[in-house]
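# Close look at the chain arrangement
In case you want the letters, here they are:
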Amino acid sequence: MSVQLRFAAFSDVGLIRSNNQDGGYASPNLLVLADGMGGAAAGDVASSVTVGYLAALDDDVHGADDLLPLLREAVNSAHEDLMQRSEDEPELAGLGTTCIALLRSGNKLAMVHIGDSRAYLLRNEKLTQVTHDHTLVQFLVDRGQLTPEEAEHHPKRNVIMRALGDTPGDVELDESVREAIPGDRWLLCSDGLFGVVSHETIEHTLRNYHDLASCGEHLIELALAAGAPDNVTVVLGDIVDDENAGPAQSQEPIVVGSAAVDHRRPTRGGNSAAARANALSSPQRTADEETDTEPLEEENHRSRVPARIAALLAVLVLIGGALFGGYRWTQTQYYVSSDAGYVTIFRGIPQTIGPLTLSSVVERSDIRVADLQQVAQERLRTPITRGSLAEAREIVDNLEGQLAPSTQPSSSASASSSASASSDQQFTWESWGIDPSRLFGRDEP
């Protein structure tokens, strides 16, 4: 059976970070996600360089037996490049990145993975985490030193034991080859998603949002509604058979996050598929646009006055119609913001034109903005726009779950805190035979 890979990718800087260190790439044969780390611009350099090397594999048709060797070679080349950059540019010292890449040939999928970004597979309505986190807490869980619940809140949960970048030694990848089965839905994501959105909620979204674009957008919105303390990136892929493929999708790759640079600057990925994909959005000037026209002679100018007046009147009519149509469109939109100190749904858009206000209150909830957690209050500083009242109500429901906890911690919370503190006091690198120099630590937001 012949299959296709439908794809989508989305990235958001989140509500706390000042720059996006995630990079993503999606095409009919390749899905890539990289979550960079390191101070200043080092993280986005690491992730975009890695995406660039892997995107170069999208240029050719590969046999199934070549998939893993090609992925391995590309990842190692990216690692060597990052090592050299770190040596040549002191300000990039400590840069690193996670990496997941899924390369397709026919009905075969090869995957390589390093770090704590994750790949999930939705098959027969059941979501499974395919990758294994290369983190200190996962190492402790595997050895029975921590429970999965303790690992979620452990003070060293951001320590990564394997990554690409400024760490000497060979790259140690997890590798696998799988069947591309129609009906499967793949999700590659950074910890900006699964760190704040539960497994059950991700599964529900992947299962119920059949359109890939809507699914990806909703996953991003879930992370934002949960506070989005980190960059959040999702790369999605649906396996469909040719007979049920439906309308053809554009074959142009999608580049997001750190790899999707401004068209005025070349991508750090060089002359790769990622660079070419980004160039597609660059505006092109024609020779006519670059050449000044000759001034008109006076007689021609006078003869064209009536025609210009008629054209001006036509333009004014068109503008008036467009303004009326635009106003009617605004009244089909909704947004969530604060009004009189309460979370409120408005109809319209949060704009005014002179004396004309383009929105009005539809529903005011009983949720006080002052009672929300700080990240939720920050989120409401910018109106959250939606295309329907139902979607706006869903945002209000999400915000209701972001109420600030009581100032007096419960006994169970105190016990949990004490347990975490005890676990941290007993921890030493040497007790598990770990060399601290080979560890990566994420910057806390």
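To be clear, the structure that these remarks concern was listed above.
The structure reproduced in this document is the subject of the present report. (Residues numbered from 1 in each chain as written. Predicted model: local features only at pLDDT ≥ 70, side-chain atom pairs only at ≥ 80, totals over all residues. Heavy atoms only, no water.)

## Some thoughts on the overall build of the protein chain
To keep it simple, the criterion reads: Starting at the N terminus, helices and strands are each numbered in turn, a helix being any DSSP run of H or I of at least four residues and a strand any DSSP run of E of at least two. Working definition: with a 1.4 Å probe on protein chains only, accessible area under 20% of the residue-type maximum means buried, over 50% means exposed, and in between means partly exposed. Note on contacts: a residue pair is in contact if any heavy atoms of the two residues lie within 4.5 Å.
The helix and strand tally for the protein chain stands at 14 helices and 19 strands. Across the 445 residues in the protein chain, those meeting the buried criterion constitute 43%. In the protein chain, 71% of the contacts between residues at least 6 apart in sequence involve partners at least 24 apart.

## Regarding the sheet that holds strand β13 (residues 232-241)
The condition that has to hold: Two strands are said to pair when DSSP picks up at least two bridges between them. Angles here are taken between N-to-C directions and fall from 0 to 180 degrees, while the axes themselves are lines fitted to C-alpha atoms, restricted in helices to the stretch in contact.
Reading across from one edge, β1-β13-β12-β7-β8 is the order of the 5 strands in this open sheet, with antiparallel pairing throughout. The sheet is open, and its two edges are formed by β1 (3-12) and β8 (126-129), each paired on a single side. Pairwise comparison of adjacent strand axes, ignoring direction, gives a mean angle of 20° for this sheet. Where strand β7 (residues 118-123) lies against β8, 4 bridges are found, and the strand directions are antiparallel. Its bridge partner being in β8, Arg123 is matched across the sheet by Lys126. Across the face of the sheet, helix α6 (residues 199-208) comes into contact with β7, β8, β12 (185-189) and β13 while running at roughly 125° to β8. Lying over the sheet, helix α7 (residues 212-225) contacts β1, β12 and β13, oriented at roughly 30° with respect to β1.

## Comments concerning the pattern of salt bridges
We apply this condition: A pairing counts as a salt bridge when a side-chain nitrogen of Lys or Arg comes within 4 Å of a carboxyl oxygen of Asp or Glu.
For the coordinates displayed, the defined rule picks out 15 salt bridges. A salt bridge links Arg17 to Asp230; the nearest nitrogen and oxygen atoms lie 3.2 Å apart. Linking Arg17 in the loop between β1 and β2 (22-26) with Asp230 in the loop between α7 and β13, this pair joins segments that are 213 residues apart in sequence. Between Asp174 and Arg162 there is a salt bridge, with the nearest N and O atoms lying 3.1 Å from each other. With Asp174 in strand β11 (residues 174-179) and Arg162 in the loop between β9 (159-160) and β10 (164-165), this residue pair connects regions lying 12 residues apart in the sequence. Salt bridges here are not isolated pairs; linked through shared partners, they connect Glu125, Glu203 and Arg207.

## As for the side chain of Arg185
Applied cut-off: N or O atoms within 3.5 Å of each other form a polar contact, as long as, within protein, one can give a hydrogen and the other can take it, and as long as residues adjacent in sequence are counted only when both atoms are side-chain atoms.
Relative to the elements of secondary structure, Arg185 occurs in strand β12. Take Arg185: its relative accessible area is 6%, and that puts it in the buried class. One polar contact links the side chain of Arg185 to the main-chain carbonyl oxygen of His210, over a distance of 2.8 Å. Polar side-chain contacts of Arg185 include one of 2.7 Å to the side chain of Asp238.

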